[in-house]
Amino acid sequence: MEASQQAEEEETEVETEETNAEEEIDWNYWYAQKKNFGFEKVEVLGGNIGYIKYTFFQPLSWAESTIDATMRFVANTDALIIDLRENQGGYSPTDSYLASHFFDENATLWMSSYERRLDETDSVLTFQDVGGERYVDKSVFILVSENTFSLAERFAYGLKLFGKAIIIGEASAGAAHAIDFMEVNENYLIQLPIIRSVHPVTKIDWEGTGVIPDIETSNEEALRTAHLMALNEQIEALQSRTIVGPILERYEKIKMELSKR
């Protein structure tokens, strides 16, 4: 075999391998990774208040390590704001895994789903083992809006009814029931609800009503309202402690600046 022919064949083999490697890329995972698996922003606001802007519940196998890292990052904050105002839902059990960080190690019935076609109920428990730091005995504020949808509503609804979070903002979309398409004939399909959620406290879900905020405010004011509420709690707790004067003064300054916006 001539050297030039051998080189051409080797080059073709390399190109084929590169093409196959490209075809094996999971583009859904690639895109989710570029979006940091839904965690758009994680930071500590003034007054040691944690803030998580979360826009989509990606599959747990993809997002678990990012959830764990996020909860470790906010572990030392005194209160936490979870912003779901632009969250359109996603994949279970990512919601129950994230929610598990706000419960103790005992498995708790998180939510049930009733499938009417099969007349079966599937129950989801909180996770006994989580990789991130648990966030218990601290205030949690969840921001919702009319754009908060489906699984994001389930997360907010669940934590609210368990007394784990205060909901701030606008009533959410009210999309609780899973749907499917049924064939009427060769020309028509109809869309019907097939699965409904059942919360262990209310025995119902948020279909049609949305998640109703504890504190109603405009979408634009929700974050500032939550931040001020969290600061007020910290200032009240600090006022009885004389050794934290400088910190108290700093927190009151932050509150004043927020109030003027």
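Residues numbered from 1 in each chain as written. Predicted model: local features only at pLDDT ≥ 70, side-chain atom pairs only at ≥ 80, totals over all residues. Heavy atoms only, no water.

## Things to note about the overall build of the chain
- Within the chain one finds seven helices and ten strands.
- Against the globule reference of 18 Å for 261 residues, the chain gives a C-alpha radius of gyration of 24 Å, more extended than a compact globule.
- Each principal axis of the C-alpha distribution contributes one length, and for the chain these read about 90 × 55 × 40 Å.
- Residue burial in the chain is summarised as follows: out of 261 residues, 39% are buried.
- Here the analysis covers contacts within the chain between residues at least 6 apart in sequence; of these, 74% occur between residues at least 24 apart.
- Roughly 14700 Å² of accessible area belongs to the chain as shown, and the carbon and sulfur atoms make up 48% of that amount. (Helix = DSSP H or I, 4+ residues; strand = E, 2+ residues; numbered from the N terminus. Rg over C-alpha atoms; globule rule 2.2 N^0.38 Å. Buried < 20%, exposed > 50% of the residue type's maximum accessible area, 1.4 Å probe, protein only. Contact = heavy atoms within 4.5 Å. Areas by Shrake-Rupley, 256 points an atom, 1.4 Å probe, with all protein chains shown as cover.)

## Some details on the sheet that holds strand E3 (residues 79-83)
- An order of E1-E2-E3-E6-E7-E10 is seen for the six strands of this open sheet, with the pairing classed as mixed. Pairing within the sheet leaves two strands with one partner each, and these edge strands are strand E1 (39-45) and strand E10 (215-216).
- Contacting E3, strand E6 (139-144) and strand E7 (166-169), helix H5 (residues 151-161) runs over the sheet at an angle of about 145° to E6.
- Strands E1, strand E2 (49-54), E3, E6, E7 and E10 of the sheet are contacted by helix H6 (residues 222-238), whose axis makes an angle of about 170° with E6. (Pairing = 2+ DSSP bridges. Axes fitted to C-alpha atoms, helices over the stretch in contact; angles between N-to-C directions.)

## With respect to the nonpolar core
- Residues Phe102, Ile142, Phe155 and Leu159 are the most contacted members of the largest nonpolar core, which totals 38 residues.
- Of all the secondary structure elements, the ones that give two or more residues to this core are E2, helix H3 (60-73), E3, helix H4 (94-100), strand E4 (109-115), E6 and H5.
- When residues of this core are assigned to their parent elements, the largest contribution, six residues, is made by H5.
- Leaving out residues up to four positions away in the same chain, Leu159 has contacts with Ala99, Phe102, Phe103, Trp110, Ile142, Lys164 and Ala165.
- If you look at the next biggest cluster of nonpolar residues, it comprises eleven residues, including Leu45, Tyr51, Ile168 and Ala230. (Core = buried A, V, L, I, M, F, W, Y, C linked by side-chain atoms within 4.5 Å.)

## A few points about the pairing of E1
- In this structure, E1 lies alongside E2, joined through six bridges in antiparallel fashion. Paired with Leu45 across the two strands is Ile49, which belongs to E2.
- Where E1 folds back on E2, the antiparallel hairpin that results is connected by three residues, among which Gly47 adopts a positive phi of roughly 85°.

## Comments concerning the packing of aromatic side chains
- Under the criterion given, the structure shown has 14 aromatic pairs.
- Ring centres of Tyr29 and Trp62 lie 5.3 Å apart, and the angle between their planes is 90°; this geometry places the pair in the edge-to-face category. Placement of the pair is Tyr29 in helix H2 (residues 27-34) and Trp62 in helix H3, with a sequence separation of 33 residues.
- For Tyr29, a relative accessible area of 30% puts it in the partly exposed group.
- Ring geometry for Phe103 and Trp110: centres 6.3 Å apart, planes at 90°, overall edge-to-face.
- Pairwise contacts between aromatic rings join Phe39, Tyr54, Phe57, Phe103, Trp110, Phe155 and Phe162 into one cluster.
- It is Lys138 that lies over the ring of Tyr135; its NZ or CZ is 4.8 Å from the centre. (Phe/Tyr/Trp six-rings, centres within 6.5 Å; stacked < 30°, edge-to-face > 60°. Lys NZ or Arg CZ within 6 Å of the ring centre and 35° of its normal.)

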